[in-house]
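Breakdown of the fold
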Amino acid sequence: MSDKILEDAGVLGDVNIFELPLYFVSLEKDLLSLELNDSFGDLYLRKDPTPIFLMAKALMLIQRNHGLFPRITGKGDNAKRLADLLTRMRQEAIAGEEGNDNKFTMSPSTTIESLIVIDREVDYATPLLTQLTYEGLIDEVVGIHNNQAEIDSSIVGAAPQPAPQGSAKSIGTSVPQGKTRKIQLDSSDKLYVPLRDTNFAVVGGLLNKVARRLKTDYESRHGNKTTAELREFVNNLKGYQAEQQSLKIHTGLAEEIMKHTRTTQFSQLLEIQQNLAAGADPSSQHEAIEELISRDAPLTEILRLLCLESCISGGIKPKELENFKRLILQAYGYQHILTLDALEKLHLLLSRSSPTALMIPMPGTGVSTGTKTNYTFLRKQLRLIVDEVNEQDPNDIAYVYSGYAPLSVRLVQCILQKQYLLSFTRGSATPGNVNANAGGGGGQGWRGFDEAVKHARGATFDDIQKGEDKAVKARSLLTNSGEKKTVIIVFLGGITYTEIAALRFIAKKEEGKEVS
């Protein structure tokens, strides 16, 4: 297409065309994304491996610049395909560079500790739960795209307009205001950084503290006696105004979210989700789900509940599933036959009598492990449910879902925080009296949790990459061995903002560890 356009313009022969391998987009200093909005459907519904290939290309670019990942550990069939593809690309790169002296980049990195890959289908339940962090609820209520949320200007106020030019025509004219306003949600907003990963239950109190501090700081101008104090206040005035504007935005946004979370419907949805996640009898929740359907609750919320039950409980009883399908088609329209069919193909909504649902590994059934995720087993083995959660001063990742620890992030802890997780899951310790800094490092792979991870869906692997001895020695001499190393965690098929918050929580705990 581009060649045709250039040919029509008569400049094709004068132009050189090159590929721009953009790959990762930096959304934050600790967050990279391929921004492939259809990757989930491509991988699990259409069985298109393109996202795996693009991820492998992006990771190879990192390896070329920083050296090989010393260890690649992961869980899931697609994660295994990615690891195998990285190995193949590495071999192709080495073969293509034979005869060159540029083999330094193919030695293990001294700045990256390991690569951890988690396949989304290992843990379908977590994204089906309602996110309870501030950033997660913004995404649930208004949606976040490319670090931006489009919000009604009546909630957050109109966007500040540029100062008019000093012409006669511009004086006295008003710029028409749009009905919506795009809000930037990233670390450029200093107030947003400490708010985004907190449980929404404590956001109101944090905003209140900021409001009181700003009021005290602003009123302190009356007590400024000297010229130096006045000059300092004037210098800080721009920062006060920016923070005041940010406070106004987040206060309005929090109030809007609160209107949503205080509804009876939201409370019902959350109660059903938490009961299912905790292992309650699914049949005891069906009457409440039927009531939500009769009250015309959004179809997406109804389907999330049913898919959550199916994933956690190994499918829904055939008679009850057929009843729910009939209710959905009658209440929301028969066009959703295609929706229900797609969910079945994704293995998100299954009957207990279906061959796929029967693949869940249970003791004494003879079914091989790794075919489906057994939440009943993992709930106990990895302590996914935590009864005592301190949302104000969290001590475990379970705070992000007010008592449920995402399985996907628990698997990461199996690698990075072994001692903490072992003492937390196998002893009588509570999160508050377990040293969360107790790690284990990615250098031991899945050791200590080998049996538990077998009950999660997909392949389990732990590969070590080694380079030539001369190249390894050369790289170690040219780099500072005392600096902290980075662990790169890849989620194939998408990740929720709540899981990102949990990973940041782990990162903060790991920062306090001694570097050996």
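Please refer to the structure higher up on the page.
These remarks concern the structure in this document. Worth saying up front: this structure is predicted, and the values here are computed from it rather than measured. (Residues numbered from 1 in each chain as written. Predicted model: local features only at pLDDT ≥ 70, side-chain atom pairs only at ≥ 80, totals over all residues. Heavy atoms only, no water.)

Some details on unusual backbone geometry
The condition that has to hold: Comment: elements are numbered from the N terminus, with helices defined as DSSP H or I runs of at least four residues and strands as E runs of at least two.
Even without being glycine, Tyr23 reaches a positive phi, approximately 55°. Structurally, Tyr23 can be placed in the loop between α1 (2-8) and β1 (25-28).

Regarding empty space enclosed by the protein
Convention followed: A 1.4 Å probe that fits but cannot get out identifies a cavity on a 1 Å grid over protein atoms alone, an open set with protein on both sides within 12 Å along at least five of seven lines counts as a pocket, and a residue lines either if it has an atom within 4 Å of a point. Grid points are joined across faces, edges and corners, and a volume is the space filled by probe spheres set on the points. Gly counts as polar in this scheme, as do all residues outside two lists: the nonpolar Ala, Val, Leu, Ile, Met, Phe, Trp, Tyr, Cys and Pro, and the charged Asp, Glu, Lys and Arg.
Summed over the entire model, instances satisfying the criterion amount to three cavities of 30 Å³ or more. In this model, the second largest cavity occupies a volume close to 40 Å³. Taken together, Ala125, Ala277, Ile312, Tyr375, Arg379, Leu384 and Tyr404 form the lining of the second largest cavity. Among the residues forming the lining of the second largest cavity, the class breakdown is six nonpolar, no polar and one charged.

Topic: helix α14 (residues 318-332)
What counts here: To estimate how far a helix should extend, the number of its residues minus one is multiplied by 1.5 Å. Burial classes follow relative accessibility: with a 1.4 Å probe on protein chains only, a residue under 20% of its type's maximum area counts as buried, one over 50% as exposed, and anything between as partly exposed. Whether two residues are in contact is decided by their heavy atoms, any of which lying within 4.5 Å being enough.
Under the 1.5 Å per step criterion, the end-to-end length of α14 is 21 Å for 15 residues, consistent within 8% with the ideal 21 Å. Those residues of α14 lying buried are Leu321, Asn323, Phe324, Lys325, Ile328, Leu329 and Tyr332. Against α12 (286-294), α13 (299-313) and α15 (337-345) lie the buried residues of α14.

Focus on the layout of surface pockets
The volume enclosed by the second largest pocket comes to roughly 220 Å³. If you go around the second largest pocket, the residues you meet are Arg181, Lys182, Ile183, Gln184, Ser188, Asp189, Lys190, Leu191, Ala242, Glu243, Ser246 and Ile249. When contributions to the lining of the second largest pocket are tallied by element, the ones reaching two or more residues are β6 (180-184) and α10 (227-261). Of the residues belonging to the lining of the second largest pocket, the class tally is four nonpolar, three polar and five charged.

A closer look at the nonpolar core
Short version of the rule: Nonpolar cores are built from buried Ala, Val, Leu, Ile, Met, Phe, Trp, Tyr and Cys residues. Side-chain atoms within 4.5 Å join them into one set.
Counting 95 residues, the largest nonpolar core has Leu59, Leu82, Leu115, Ile302, Ile328 and Leu382 as the members making the most contacts within it. Here this core gets nine residues from one element, more than from any other, and that element is α13. Those residues within four positions of Ile302 in sequence are excluded, and the remaining contacts are Ile289, Leu292, Ile293, Ala297, Ile328 and Tyr332. Of all hydrophobic cores here, the second largest spans 30 residues; its members include Leu31, Leu132, Leu137 and Ile151.

Considerations on the pairing of strand β3 (residues 71-75)
Stated formally: For two strands to pair, DSSP has to find at least two bridges joining them.
Across the five residues that make up β3, a large majority, five, are buried. Neither face of β3 is left uncovered, since the one carrying Arg71, Thr73 and Lys75 and the one carrying Ile72 and Gly74 both have all their residues buried. Across five bridges, β3 lies against strand β7 (residues 460-464) in antiparallel orientation. For Thr73, the partnering residue across the bridge sits in β7 and is Asp462. Here four bridges tie β3 to strand β4 (residues 112-119), and the two strands are oriented parallel to one another.

Considerations on the pattern of salt bridges
Rules: Salt bridge, as used here, is a side-chain nitrogen of Lys or Arg placed within 4 Å of a carboxyl oxygen of Asp or Glu.
Throughout the structure, instances matching the rule amount to 20 salt bridges. Among the salt bridges present, the one from Arg71 reaches Asp462, with a minimum N-O distance of 2.7 Å. Here Asp462 lies in strand β7 and Arg71 lies in strand β3, a separation of 391 residues in the sequence. Given the relative accessible area of 14%, Arg71 is considered buried. Classification of Asp462 by relative accessible area gives partly exposed; the value is 28%. With its nearest N and O atoms 3.0 Å apart, the salt bridge here joins Glu291 to Arg295.

Overview of the pairing of β4
Side-chain direction in a regular strand flips from residue to residue, so the side chains alternate between the two faces of the sheet. Summarising burial for β4: seven of the eight residues are buried, a large majority. By the bridge criterion, seven bridges tie β4 to strand β8 (residues 486-492) in an arrangement that is parallel. Bridge pairing links Val117 to Val490 in β8.

Quick word on the environment of Ile500
Here Ile500 shows up in helix α21 (residues 497-511). The spatial distance from the C-alpha of Ile500 to the C-alpha of Asp197 is 8.2 Å, given a sequence separation of 303 residues.

A closer look at the packing of helix α17 (residues 407-416) against helix α18 (residues 418-426)
Stated precisely, the cut-off is as follows: Only C-alpha atoms enter the line fits that serve as axes; for helices the fit covers just the stretch in contact. Angles between N-to-C directions range over 0 to 180 degrees.
At a closest axis distance of 6 Å, the pairing of α17 and α18 adopts a crossing angle of 115°. Packed against α17, whose contacting residues are Arg410, Gln413, Cys414, Ile415 and Leu416, the element α18 presents Lys418, Tyr420, Leu421 and Phe424 at the interface. For the contact of α17 with α18, a count of residues per class yields six nonpolar, one polar and two charged.

Quick word on the environment of Phe266
Looking at the secondary structure, you find Phe266 in helix α11 (residues 264-277). Phe266 gets classed as buried once you look at its relative accessible area, which sits at 9%. Each C-alpha atom, one on Phe266 and one on Glu301, is 9.7 Å from the other, the two residues being 35 residues apart in sequence. Setting aside residues up to four positions removed in sequence, Phe266 forms contacts with Thr130, Leu132, Leu137, His260 and Thr261.

Topic: helix α6 (residues 134-141)
Buried residues of α6: Tyr134, Glu135, Gly136, Leu137 and Ile138, and no others. Immediately beyond the C-terminal end of α6, within one or two residues, lies Gly143, with a positive phi of roughly 90°.

Brief notes about the sheet that holds β7
One open sheet holds the four strands; their spatial order is β7-β3-β4-β8, and the pairing between them is mixed. Each end of this open sheet is capped by a strand with a single partner; those strands are β7 and β8. Here the strands of the sheet are splayed against their neighbours by 15° on average, with no regard to which way each runs. Across the sheet, helix α4 (residues 77-96) touches β3, β4, β7 and β8, and the angle it forms with β4 is around 140°.

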